[in-house]
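Residue strings, one per chain:
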Number of protein chains: 2
Amino acid sequence: VTDSDFAPRSVIAKKRDRLAVSSEEISRFISSFVAGSVTDYQMTAFLMAAFLNGLTGEETAALTLAMAQSGRRLKLDRLPGIKVDKHSTGGVGDKVSIPLAPLVAACGVPVPMVSGRGLGHTGGTLDKLESIPGFRTRLSAEDFERVLAGVGYVMGGQSEDLAPADRRMYALRDVTATIESIPLIVSSILSKKIAEGAQALVLDVKCGRGAFMADEQRARTLARELVRVGTLLGLKTVAFITDMDRPLGRAVGHSVEIEESIGLLKGQGPPDLLEITLALGSAMLVLGEGANDLESARSRLLAAIADGSGLERFRKLVEAQGGDPGVLDDPAGLPQAPYKLIVECERNGYVGDLDPLLLAEAVVELGGGRRRVEDAIDPAVGILIHRALGEAVKKGEPLLTILAAWDEAARRVAGNQVRAAVRVDREPPPLTPLIRGVVTPASDLTWDEARAAKLQGGLA
Amino acid sequence: VTDSDFAPRSVIAKKRDRLAVSSEEISRFISSFVAGSVTDYQMTAFLMAAFLNGLTGEETAALTLAMAQSGRRLKLDRLPGIKVDKHSTGGVGDKVSIPLAPLVAACGVPVPMVSGRGLGHTGGTLDKLESIPGFRTRLSAEDFERVLAGVGYVMGGQSEDLAPADRRMYALRDVTATIESIPLIVSSILSKKIAEGAQALVLDVKCGRGAFMADEQRARTLARELVRVGTLLGLKTVAFITDMDRPLGRAVGHSVEIEESIGLLKGQGPPDLLEITLALGSAMLVLGEGANDLESARSRLLAAIADGSGLERFRKLVEAQGGDPGVLDDPAGLPQAPYKLIVECERNGYVGDLDPLLLAEAVVELGGGRRRVEDAIDPAVGILIHRALGEAVKKGEPLLTILAAWDEAARRVAGNQVRAAVRVDREPPPLTPLIRGVVTPASDLTWDEARAAKLQGGLA
């Protein structure tokens, strides 16, 4: 196929007509898009056709690879170890990456992590890290590799030259109503991971009201596609489906989530956050060959909390990326909100609901989220949860604390989103499992099955 | 709805999800597209969604009206009479507009005709007219109205400010594989007719190998949609479905089709071309209230041939649009091809097939067609058909004449496309009717039914 033979229109027409598009054609379509000979308006027609007619696993894999190859690919081969990354589809209070990466690194598995920013109701790991004074997330490829080599892990943003096709396609999808497509989501997530040099990947697909996908069946389909396409591309991939019908942990915001993450590394993490961190972390250790099975991996991670080695890794990372490590010892060094409003419980009973979406909307309303990509965020504001889902409460006890930039904002969200988010019942609610399933290349398991399996070859 | 409330993405999302899009939303989407706040890449996503999910009749009508209103609309109200136009979806040898419009005008019904150029295998009326030395088809709105008022009809191209949304959308559809969509074809055709000020419209939907739509069922669907949407928009609309499994008339090219058109106006038209011209023309006279029924309309048109008044109208038009009227008396004034190659019949029998697509490809190969919009065409080249479908032939008799710019080109197409296009059989082929059906707002009729009906109120 020579350049003059390549007709972008015929690639669009094939997808329009549900005909197979070859890997070669997809590769040419993406490289021509990056080079400018496939236009934005041809790309959006293709994306809408892909949205409506779907992509096969092979087409999604070819698309993912082409997107990964559209820019600079990090070469991490000279660093020892299997490089493992983790990706979450985003949730409320989901700060897991922040304590997880240093714990995994402390257990000897390198983690080259490229994270994103918050938009809408979900917060972003980069934004949270930047609440640490001085912390830099904009790293050159050389910085990224140097920090990874020196600390054992690194946390950066997607640089301009990492999978540029993905960045441009995502921006086009955003304004043409083609975001919510499973194959397009899969290729966007995986292309960045392949470009950053990850060899194994643990995915956390959130489902529930606070997640991108509220529906469990759809979350499961996404998890399966991620594992299928990741595996096709030679990435060792496992996906968790976890609950996002409640916020994760006890803090929603930026400073407050960093503080909670530090607490976890000091052995004071809330149970749900700890459970998810240990589950994802043990899978990362198994895939990265830092443990033979999930149970021994879990023990190693717990030891890295107990002996402070996880916290030490985080300290090194903060130092390496220009942040003030003093916040690990005294969280007062993080941005603090001037106004605090404690919401008290109005009756005796049990916390029957904590709607994560409404709590997230409260934080956005307080200034701690972005409605549009260009919005600035206030890292100091947020919500602290004193009583989690299912816990007993007494009338007059503190239920939540609203951290705000001014009094009026705190009172406004207390009377609106926060009031609507919380429900106290006479009876304790039935508690659904936090981990709803584990998808491996071979099968779908429950978490108990996965833990019992002691699977060889890293959760294959 | 204020400007800041309008979200193009939500319009795209509704069409993506097969939800109803309101006329207001479609109108805003198109006006914002023309103004620049809806981008090309949003338009192509919408067009692909419309291609795959369809548009309702109401949505198509709203889209058509918005496109018609996107630029300057001709105001022809001060001219007397019901303005009637005709549109063909394009075929091989389809020069019908050229003799039709002056005949209808000679019968007292004004015809403001906006035509197109040829692309691919179909020729364009404008290109054919421009083979007349000096003939101008680029008319200002004032020229257009002046010629219409003075001559009783006018033949121009789509000016920059006539339905600009249609022109831009068509260009985008062309490169994003969204041409072959019935509602998008309907809105493109009708928007220009409404913008040019037509009040009634006769459509010639071609079907067969030489047509845009080879399949009769699909051609019928297009005809029904054109009539339904035209009627919704207050345009008196009737559609014919006519055969394009053979070329129309005895000439394919530019100069040669002008010569054949002049011949028809002089009473020497080939039977198939005459039949289509009279059928479409009689419907135009009925819709334009220049006749009460199809039979009396047909008589009036035949009289306009017999008394030379149709030819006189054409002469006036050529003069009014800057062309040399001398060609009406001596066709040698039209561009003439230097090389002529006569293809003789190789056996006795009957012409069993004349593949219109292959003949058209031969003309394109000779330089008489455009492969791309920017190509120049040679008006002198073409093919003359001496024996039409079903006619008896004897070995050694001339079957076709190839008119070429050079000898080698004539021999090449004679040995390739032309040889493959013609088949001579021992038995005469079964002849299918030239007019396959007539679609009115009320019903689908055969041509015989339509002629017998003497319908009141113009084929309603």
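Residues numbered from 1 in each chain as written. Chains lettered and ligands numbered in written order. Predicted model: local features only at pLDDT ≥ 70, side-chain atom pairs only at ≥ 80, totals over all residues. Heavy atoms only, no water.

Caption draft 1: Local environment of the overall build of chain A. Counting secondary structure elements, chain A contains 17 helices and 14 strands. Against the compact-globule benchmark of 23 Å for 460 residues, chain A has a radius of gyration of 22 Å, which places it among compact chains. Its C-alpha atoms give chain A principal-axis dimensions of roughly 75 × 45 × 45 Å. Residues counted as buried form 58% of the 460 residues belonging to chain A. The contacts in chain A between residues at least 6 apart in sequence include a share of 77% that link residues at least 24 apart. For chain A, the computed accessible surface area is about 17,600 Å², with 51% contributed by carbon and sulfur atoms. Both charge centroids of chain A, one from 54 positive and one from 60 negative side chains, sit 1 Å from each other. (Helix = DSSP H or I, 4+ residues; strand = E, 2+ residues; numbered from the N terminus. Rg over C-alpha atoms; globule rule 2.2 N^0.38 Å. Buried < 20%, exposed > 50% of the residue type's maximum accessible area, 1.4 Å probe, protein only. Contact = heavy atoms within 4.5 Å. Areas by Shrake-Rupley, 256 points an atom, 1.4 Å probe, with all protein chains shown as cover. Lys, Arg positive; Asp, Glu negative; His and termini not counted. Charge placed at Lys NZ, Arg CZ, Asp CG, Glu CD.)

Caption draft 2: Summary view of the sheet that holds strand β7 (residues 339-344) of chain A. All names here are of chain A. Pairing in this open sheet of four strands is antiparallel, and the strands run β6-β9-β11-β7 from one edge to the other. Edge strands, defined here as strands with exactly one partner in the open sheet, are β6 (251-253) and β7. Ignoring which end each strand starts from, the neighbouring axes of this sheet average 15° apart. Here strand β9 (residues 382-385) runs beside strand β11 (residues 398-404); their pairing, made up of four bridges, is antiparallel. Residue pairing across strands places I385 opposite L400, the latter belonging to β11. In this fold helix α15 (residues 356-368) packs onto β6, β9 and β11, with an angle of close to 140° to the strand it touches most, β9. (Pairing = 2+ DSSP bridges. Axes fitted to C-alpha atoms, helices over the stretch in contact; angles between N-to-C directions.)

Caption draft 3: Region of the structure containing the pattern of salt bridges. Scanning the model with the defined rule gives 86 salt bridges over all chains in all. Salt-bridge contacts for B:E180 lead to A:R16; the nearest nitrogen and oxygen are separated by 3.4 Å. Of this pair, B:E180 sits in the loop between α8 (164-175) and α9 (182-195) while A:R16 sits in helix α1 (residues 8-16), on two different chains. Counted as one network, the salt bridges with shared partners bring together A:E216, A:R220, A:R224, A:D243, A:R246, A:R436 and A:D444. (Salt bridge = Lys/Arg side-chain N within 4 Å of Asp/Glu carboxyl O.)

Caption draft 4: Molecular detail of the environment of A:I435. Residues and elements named next belong to chain A. Secondary-structure assignment places I435 in strand β13 (residues 435-439). The spatial distance from the C-alpha of I435 to the C-alpha of A279 is 8.7 Å, given a sequence separation of 156 residues. Apart from residues lying up to four places away in sequence, I435 is in contact with F240, I241, T242, E275, I276, A279 and W447.

Caption draft 5: Geometry of the interface of chain A and chain B. Chain A puts 21 residues into the contact, and the matching count from chain B is 21 residues. Summing both partners gives a buried area of about 1,800 Å² for chain A against chain B, and 69% of it is carried by carbon and sulfur. At the boundary of chain A with chain B, the tally comes to four salt bridges. Residue B:D174 pairs with A:R9 through a salt bridge whose shortest N-O separation is 3.0 Å. If you look at where chain A meets chain B, you find 11 residue pairs in polar contact (both at pLDDT 80 or more). Every element with two or more residues in the side of chain A that touches chain B is listed here: α1, α3 (40-53) and α8 (164-175) of chain A. (Buried area = accessible area lost by both parts, 1.4 Å probe. Polar contact = N/O pair within 3.5 Å; in protein donor to acceptor, adjacent residues only side chain to side chain.)

Caption draft 6: Region of the structure containing the packing of helix α5 (residues 97-106) of chain A against helix α13 (residues 294-306) of chain A. Residues and elements named next belong to chain A. It is the contact of α5 with α13, at a shortest axis distance of 9 Å, that shows an interaxial angle of 105°. Here α13 runs roughly perpendicular to α5, going by the angle between their axes. Listed contacts from α13 to L103, V104 and A106 of α5 are L301, A304 and I305. The class makeup of the residues in the contact of α5 with α13 is six nonpolar, no polar and no charged. (Parallel < 35°, antiparallel > 145°, perpendicular 65-115°, else oblique. Nonpolar A, V, L, I, M, F, W, Y, C, P; charged D, E, K, R; others polar.)

Caption draft 7: Structural detail: helix α15 (residues 356-368) of chain B. Residue and element names in this part refer to chain B. For α15, spanning 13 residues, the distance from its first C-alpha to its last is only 15 Å, which falls clearly below the expected 18 Å at 1.5 Å a residue. Looking at α15, one finds that the buried residues are P356, L359, A360, A362, V363, V364, L366 and G368. Contact partners of the buried residues in α15: β6 (251-253), β8 (349-354), β9 (382-385), β11 (398-404) and α16 (407-421). The opening residue of α15, the one whose side-chain oxygen lies 2.8 Å from the backbone nitrogen of L357, is D355. (Expected span 1.5 Å × (residues − 1).)

Caption draft 8: View of the side chain of B:E225. All names here are of chain B. As for its position among the elements, E225 is in helix α10 (residues 216-232). The class for E225 is buried, based on a relative accessible area of 16%. Excluding anything up to four places from it in sequence, E225 contacts I182 and V186.

Caption draft 9: A look at the confidence of the model for chain A. Confidence in the prediction for chain A averages 93 pLDDT; 97% of positions are at 70 or higher. Confidence estimates for the predicted assembly give a pTM of 0.88 and an ipTM of 0.85. (pLDDT = per-residue confidence, 0-100.)

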